Amino acid sequence: RAADQRGQQRAGHRTVLGSRAPGVALLLIAVGAFIFKSLEFVVAGYLFSLLVGLVLVIAFLFHQGAFDAIRNPKIDARELLSFSLPLLLVAVTQYFMSWTDIFLLGILASDAAVGYYQVAFQTSMLLLVVLQSANSIFPALAAQLYHDQKMEKLGETYTVVTKWVSYFTLLGFLFIFAFKTDVLRLFGSEFVVAETALVVLGAGQLVAAVAGPSGYLLTMAEYERLELLNTIVVMILNVI
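Definitions and cut-offs
- One numbering rule holds for all chains: residues counted from 1, following each sequence as written.
- In keeping with the model being predicted, local features are shown solely for residues with a pLDDT of at least 70 and side-chain atom pairs are shown and tallied solely at 80 or more, while totals for entire chains, interfaces and linings include all residues.
- Remark: hydrogens and water are excluded; side-chain values derive from all non-hydrogen atoms of the structure.
- Any pair of Phe, Tyr and Trp rings, taking the six-membered ring for Trp, is counted once the centres come within 6.5 Å. Such a pair is stacked with planes under 30 degrees apart, edge-to-face with planes over 60 apart, and tilted for the rest.
- Think of it in three bands: with a 1.4 Å probe and only protein chains considered, a residue is buried below 20% of the maximum accessible area for its type, exposed above 50%, and partly exposed in between.
- Secondary structure elements follow DSSP: runs of H or I no shorter than four residues count as helices, runs of E no shorter than two count as strands, and numbering proceeds from the N terminus.
- On a scale of 0 to 100, pLDDT captures the predictor's confidence in every residue.
- By definition in these notes, contact holds between two residues if any of their heavy atoms fall within 4.5 Å.

**Describing the packing of aromatic side chains**
Part 1: For the structure shown, the criterion picks out 10 aromatic pairs.
Part 2: Judged by centre distance (6.2 Å) and plane angle (75 degrees), the rings of Tyr-95 and Phe-96 are edge-to-face. Each member of the pair Tyr-95 and Phe-96 is classed as exposed.
Part 3: Between Tyr-117 and Phe-121, the aromatic rings sit 6.1 Å apart at their centres with planes inclined by 10 degrees, giving stacked as the arrangement. With Tyr-117 and Phe-121 both in helix α4 (residues 111–124) and four residues apart, this pair spans about one turn of that helix.

**Description of the confidence of the model for the chain**
Part 1: Confidence along the chain averages 86 in pLDDT terms, with 89% of residues attaining 70 or more.
Part 2: At the level of individual helices and strands, the chain shows its lowest average pLDDT in helix α1 (residues 2–35), which scores 62, and its highest in helix α7 (residues 151–178), which scores 96.
Part 3: In this model residues 1–18 is a low-confidence stretch, pLDDT under 50, and it forms seven contacts with partners more than four residues away in sequence or in other chains.

Encoded structure:
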């Protein structure tokens, strides 16, 4: 019971720390946008929030005793790198991929087109809320089930999670498809021209949701190199 209480206290401490950095970002961005009306202040506020997040992460790790292992490390460097290096490359590849569309549009199209596209893209990203929520829970479950060699249970968990993520995302896509004009008009009447982009991007987000937390499943089941290959291929296709 005492161990459970300590675990709950640590989880609560982590939750509080994790909620502060986004709160700081929202507060400073709002101040810069609505009070000072300065883009420079918005950017500076966002960067400052990242610094706050970094400080809070370091404080949390210190509180958990993560730095104690530095004095007497017991780590198999080869095993650690063989697992973490592909994941690092996956994260870097995904980051570059997330900016590919804006970068290429900036070269091939007008500034106005970039703005229209960005509104459509950010709106379509709302369809991934359910998938992102599942992604925050599924990796820990998948890792535990895989470690315990409960493959049938792991398959059932993945199936159930993917099914419900697909159902809710499909409902969201149908709503956006039916009311795409009204949704885009919230940003201004001039953004209605991005209707086709919104539908196409929404369909793409729906496909991602139907696949479920597949990337995390591969990673938790020791197929991180396959996930790296998948990500590289997708990035190349995205550029094309």
